[in-house]
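Inside the fold
Listed here are the chains, written in short residue letters.
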Amino acid sequence: WILWPFLVIDNFFLLYLLKVYFPKVLISSFARYKQVKYYLQVKVPELLSTGQLKYFDQIPQLMARLNKLNCIFLLLAYLNFFSLIMVGNFRCNEAFVLHAIGAMFMFNANFISVWCVILICEQLSSKFAIESRPFTMRFGVILQLMALLGLFVFSAIAVVQFGFDRFFTESERLHWTS
């Protein structure tokens, strides 16, 4: 980490990912985790003690479930980060299987972590009136689901059309024949 600012990389996109995007992802994921933890440990008990929030029997179970979702979100966000590094390090024309495994983990971890945040926001909004409803996040997840479905369909078409062996052969993938 000491050499982090002095890293010399020729590729501008990779340099941007390593020095700008990845730290932002890690920091923003951790900040969101701490924000929800603050809401659950400080803000909700404060609302209950001042009488602004009516106590109901399921609050301890709900807070425990939201804490679990929050931890799952953080773990999945970090898995997304490391799988994105895997996708970047193994190009699809050199190590396709490792690139595909990293991409699979990245897409799924991102999809599930965003759903965790949506569930957390919904509960904080409806039960505790702390956050707003995540309409734009739902729209983004729907777009992501459509893109993943398209990726699956077009990959399946390529495997059916060219065969399983040709799909994983590098020279065949680089120069598809019609």
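As shown above, the structure is provided for reference.
These notes cover the structure that comes with them. Given the structure is predicted, the values throughout are model-derived calculations rather than measurements.

Between helix H3 (residues 96-128) and helix H4 (residues 135-162), the least distance of the axes is 10 Å, while the angle of their chain directions is 155°. Considering the angle they form, H3 stands roughly antiparallel to H4. The two elements H3 and H4 cross, and the hand of that crossing is left-handed. Residue-level inspection shows Phe107, Asn110, Phe111, Val114, Trp115, Val117, Ile118 and Glu122 of H3 in contact with H4, the latter providing Met137, Arg138, Val141, Gln144, Leu145, Leu148 and Leu151.

Here Leu75 shows up in helix H2 (residues 59-89). Owing to a relative accessible area of 62%, Leu75 belongs among the exposed residues under this scheme. As a C-alpha pair, Leu75 and Ala109 span 34 residues in sequence and 8.9 Å in three-dimensional space.

Our focus in this paragraph is the pattern of salt bridges. Here the structure, examined in full by the defined rule, presents 4 salt bridges. Its salt-bridge partner being Glu131, residue Arg32 comes within 2.8 Å of it at the nearest N-O pair. Placement of the pair is Arg32 in helix H1 (residues 12-50) and Glu131 in the loop between H3 and H4, with a sequence separation of 99 residues. Comparing Arg32 with Glu131, the two get one shared label, buried. The partner of Glu122 in a salt bridge is Arg133, and the shortest N-O contact between them spans 2.8 Å. With a gap of 11 residues between them, Glu122 in helix H3 and Arg133 in the loop between H3 and H4 connect regions that are remote in the sequence. On the basis of relative accessibility, which here comes to 41%, the residue Arg133 falls in the partly exposed class. One network of salt bridges, with partners in common, ties together Glu122, Arg133 and Arg138.

Calculation notes
- Residues numbered from 1 in each chain as written.
- Predicted model: local features only at pLDDT ≥ 70, side-chain atom pairs only at ≥ 80, totals over all residues.
- Heavy atoms only, no water.
- Axes fitted to C-alpha atoms, helices over the stretch in contact; angles between N-to-C directions.
- Helix = DSSP H or I, 4+ residues; strand = E, 2+ residues; numbered from the N terminus.
- Parallel < 35°, antiparallel > 145°, perpendicular 65-115°, else oblique.
- Left-handed = near helix turned anticlockwise from the far one by under 90°.
- Contact = heavy atoms within 4.5 Å.
- Buried < 20%, exposed > 50% of the residue type's maximum accessible area, 1.4 Å probe, protein only.
- Salt bridge = Lys/Arg side-chain N within 4 Å of Asp/Glu carboxyl O.

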